[in-house]
Every structure is written in structure tokens, then in C-alpha cells.
Amino acid sequence: MRHAYIRQTWEFGQSREVEEKHTGRYGARGQKRGKRKKASPEDIERQNRWRKVRDLRRTIKWNFSQYDFWMTITYRKGERPTWEQITKDVQDLIRKVRRKYKKLGKELKYIYRLAIGKRGGPHIHILVNRIQAEGIATDMIFSDCWKKGHINFRSLREFGGYKDLAEYIAKPLEEWEPEEAKRYHPSRNLIRKEPKEKVINRRSLVDKQGCMIPPKPPKGYYIDPDSVRMGINPVTGFAYRHYTLIKIKRRD
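Residues numbered from 1 in each chain as written. Predicted model: local features only at pLDDT ≥ 70, side-chain atom pairs only at ≥ 80, totals over all residues. Heavy atoms only, no water.

Caption draft 1: Expanded view of the overall build of the protein. Scanning the protein for helices and strands turns up 5 helices and 13 strands. The burial tally for the protein puts 40% of its 252 residues in the buried class. Just so you have it, the protein exposes about 16400 Å², and 48% of that area is on carbon and sulfur atoms. Taking the average place of the 61 positive charges on the side chains of the protein and the average place of its 31 negative ones, the gap between the two points comes to 6 Å. (Helix = DSSP H or I, 4+ residues; strand = E, 2+ residues; numbered from the N terminus. Buried < 20%, exposed > 50% of the residue type's maximum accessible area, 1.4 Å probe, protein only. Areas by Shrake-Rupley, 256 points an atom, 1.4 Å probe, with all protein chains shown as cover. Lys, Arg positive; Asp, Glu negative; His and termini not counted. Charge placed at Lys NZ, Arg CZ, Asp CG, Glu CD.)

Here it is in C-alpha cells:
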């Protein structure tokens with residue numbers, strides 16, 4: 001017997017992220033359900049972190065391109081400003097840069113996180129949308145506005161892409177860092193979208209033997225093999241399947 005499941009789809013232009021799951025609301029009648037268990041604190045922490053990274057990755061994909069800047073902003077050697085001073089410095093920097101972007105008719109978008117190195121060196125990680133006009137560009141603007149140390153520039157693509165960057169920004173605290181360092185700060189103008197949701201009737205995520213059915217891409221797409229996650233949720237006892245579809249580039 002086949003049972004309905006929910007499909008949620010997030011669109012990103014050249015890719016789609018898909019999450020499919022059986023629930024008690026759809027297809028529960030007669031559905032073979034895995035054994036449930038009470039969520040442990042570790043399960044809850046693991047799930048919360050997965051959601052945090054997932055949501056951040058999607059926010060980055062909606063708002064930034066592979067060639068936007070991921071910067072590490074440092075202080076001059078030997079300087080150890082207080083956490084309050086670092087916070088004030090990054091806010092002042094953003095204010096100055098935003099003003100310069102606005103003069104060029106552009107809107108600054110960013111996500112930043114403050115950090116403390118293992119040897120105590122304070123630094124600022126920030127992702128910004130990259131712009132360029134006659135005689136001026138993002139790296140020139142930031143270098144002109146930051147007089148307290150050095151800035152290392154590299155593209156999002158050079159860092160490793162959306163997945164790697166989201167995991168890095170949302171990574172757990174280092175043992176030497178203050179509690180405030182676990183937060184990241186996005187600009188208020190970032191785009192976020194709700195998924196398209198559809199109930200898939202008379203189908204199942206598992207076959208008659210109880211094995212997960214691999215996803216199949218629609219025409220014009222292929223599945224990123226590293227993105228496929230499927231199995232039985234140990235807490236709910238229901239099957240799930242997650243994957244990313246990549247649009248096939250056509251030749252002229």
C-alpha cells in the first residue's frame with residue numbers, strides 16, 4: 001500500500017533543495033512506522049544545529065553569489081580590544097561602508113560573526129555583497145574604512161561554497177571564546193523565502209521491503225549526490241528524504 005507524503009521545495013535559481021517526509025497527518029493509516037524514541041539532549045542539540053546550518057545556508061544562497069567577498073578583519077599585532085570595543089568597531093565599519101555603497105546607488109548586505117583566535121587575537125568574519133564601479137570596488141571601500149589592522153579578502157567560492165561557509169559561520173564556540181561569540185549577525189535586508197509545499201498522494205518513501213527509495217531528478221536537473229540524506233527519523237519514527245537538484249546547463 002502506498003501512502004502520501006509532504007514535499008517542500010526551496011528555489012535558488014540554478015538549484016532546488018527538497019525535503020520530503022511522511023507524517024502522522026498524511027498516510028498514517030496503515031502505514032508501517034519505525035520505532036520511536038524520546039529525544040535526548042544530544043538529539044535535540046544535533047537537530048537544532050542542523051536546522052541552524054540549513055537555514056543559514058539557504059539565506060546565503062538567496063542573497064550572495066559565489067564571487068561575493070568573505071573577509072577576515074584583524075587588529076594590529078598586540079592589540080587586544082574588549083568585546084564591547086570589537087562590537088562597536090564592526091558596527092562603525094558597517095555604518096561607514098553602507099554610506100559609501102549608498103552613494104554608489106547600491107545596498108550593502110552582510111552576515112558577520114566575531115571571533116577570538118586560540119592565541120587571543122580578536123577578529124571579525126564578514127560576508128558582503130561585492131560591488132564595482134569606475135575607480136572603486138568593495139575591497140577598496142573596506143580597506144579605506146578599516147584603519148585598525150589588516151583585511152584578508154577571498155571569494156565565497158574560494159572558501160568552499162555555500163555549505164562550507166554556513167557550517168563555519170554557525171560552528172560551535174571554541175572553549176576560549178565568550179558566550180557572545182556564538183551569535184552571527186545578518187543585515188535586516190536579507191531575503192528569506194517560504195518553501196512551496198505539496199502533498200504527494202499514493203506514493204511512499206519506502207518500498208515493500210521497508211528500504212528507502214532513492215530520489216529521481218525531474219527533467220532538466222541532476223541530483224547532487226553529496227546532498228542526499230534519507231532514513232527513518234528516530235524521534236518521530238517516520239521516513240524522510242532530503243536532496244538538492246542542480247539545473248543542467250544547456251549548450252548553445
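Once you've had a look at it, read on.
Caption draft 2: Just the packing of helix α2 (residues 83–103) against helix α3 (residues 138–145), in detail. Following both chains from N to C, one finds α2 and α3 inclined at 135°, their axes separated by 10 Å at the closest point. In terms of their interaxial angle, α2 and α3 are classed as oblique. Relative to α3, the crossing made by α2 is right-handed. For the pair α2 and α3, the contacting residues are Leu93, Lys96, Val97, Lys100 and Tyr101 in the first and Thr138, Ile141, Phe142, Asp144 and Cys145 in the second. (Axes fitted to C-alpha atoms, helices over the stretch in contact; angles between N-to-C directions. Parallel < 35°, antiparallel > 145°, perpendicular 65-115°, else oblique. Left-handed = near helix turned anticlockwise from the far one by under 90°. Contact = heavy atoms within 4.5 Å.)

Caption draft 3: Highlighting the packing of aromatic side chains. Summed over the entire model, instances satisfying the criterion amount to 7 aromatic pairs. Here Trp70 and Tyr168 contribute two aromatic rings whose centre-to-centre distance is 6.2 Å and whose plane-to-plane angle is 85°, an arrangement assigned as edge-to-face. With Trp70 in strand β3 (residues 69–74) and Tyr168 in helix α5 (residues 162–169), the pair connects residues that are 98 residues apart, well separated along the chain. Residue Trp70 is classed as buried on the basis of its relative accessible area of 2%. Here the aromatic cluster, defined as three or more aromatic residues joined through ring pairs, consists of Trp70, Phe159 and Tyr168. Its guanidinium or amino end placed over the ring of Trp10, Arg58 lies 3.6 Å from that ring's centre, counting from NZ or CZ. Above the ring of Phe12, the side-chain terminus of Lys61 is found at 4.2 Å from the ring centroid. (Phe/Tyr/Trp six-rings, centres within 6.5 Å; stacked < 30°, edge-to-face > 60°. Lys NZ or Arg CZ within 6 Å of the ring centre and 35° of its normal.)

Caption draft 4: View of the sheet that holds strand β8 (residues 151–155). Strand order in this open sheet of 5 strands is β8-β3-β5-β4-β9, and the pairing throughout is antiparallel. This sheet does not close on itself; its edge strands, each paired only once, are β8 and β9 (185–186). Pairing analysis gives 7 bridges linking strand β4 (residues 110–116) to strand β5 (residues 122–128), with the strands arranged antiparallel. The residue of β5 that forms the bridge with Ala115 is His123. Contacts from α3 reach β3, β5 and β8, with the element oriented near 160° to β8. (Pairing = 2+ DSSP bridges.)

Caption draft 5: Region of interest: the side chain of His242. Tracing the backbone shows His242 in strand β13 (residues 239–247). Assessed through its relative accessible area of 16%, His242 is described here as buried. Setting aside chain neighbours within four positions, we find His242 in contact with Val18, Glu19, Glu20, Trp50, Ser227, Val228 and Arg229.

Caption draft 6: Structural view of the confidence of the model for the protein. Scored by pLDDT, the protein has a mean of 89; 92% of the residues are at 70 or more. Confidence over residues 26–31 falls short of pLDDT 50; this stretch has 13 contacts with residues more than four positions distant or in other chains. (pLDDT = per-residue confidence, 0-100.)

Caption draft 7: Structural detail: the environment of Arg202. Relative to the helices and strands, Arg202 resides in the loop between β10 (196–200) and β11 (221–223). Taking relative accessible area as the criterion, Arg202 reaches 70% and is therefore assigned exposed.

Caption draft 8: The arrangement of α3 in detail. Within α3, burial applies to Thr138, Ile141, Phe142 and Cys145. Viewed end-on, α3 has its buried residues packed into an arc of 90°, placing them on one side of the element. Turning to α3, the residues buried within the fold contact β3, α2, β5, β7 (136–137) and β8. (Arc of directions from axis to C-beta.)

Caption draft 9: A look at α5. Residues of α5 that are buried: Tyr162, Leu165, Ala166 and Ile169. The buried side chains of α5 occupy one side of the element, clustering within an arc of 100° when seen end-on. Of the surrounding elements, those touching the buried residues of α5 are α1 (41–63), β3, β4, β5 and α4 (156–159).

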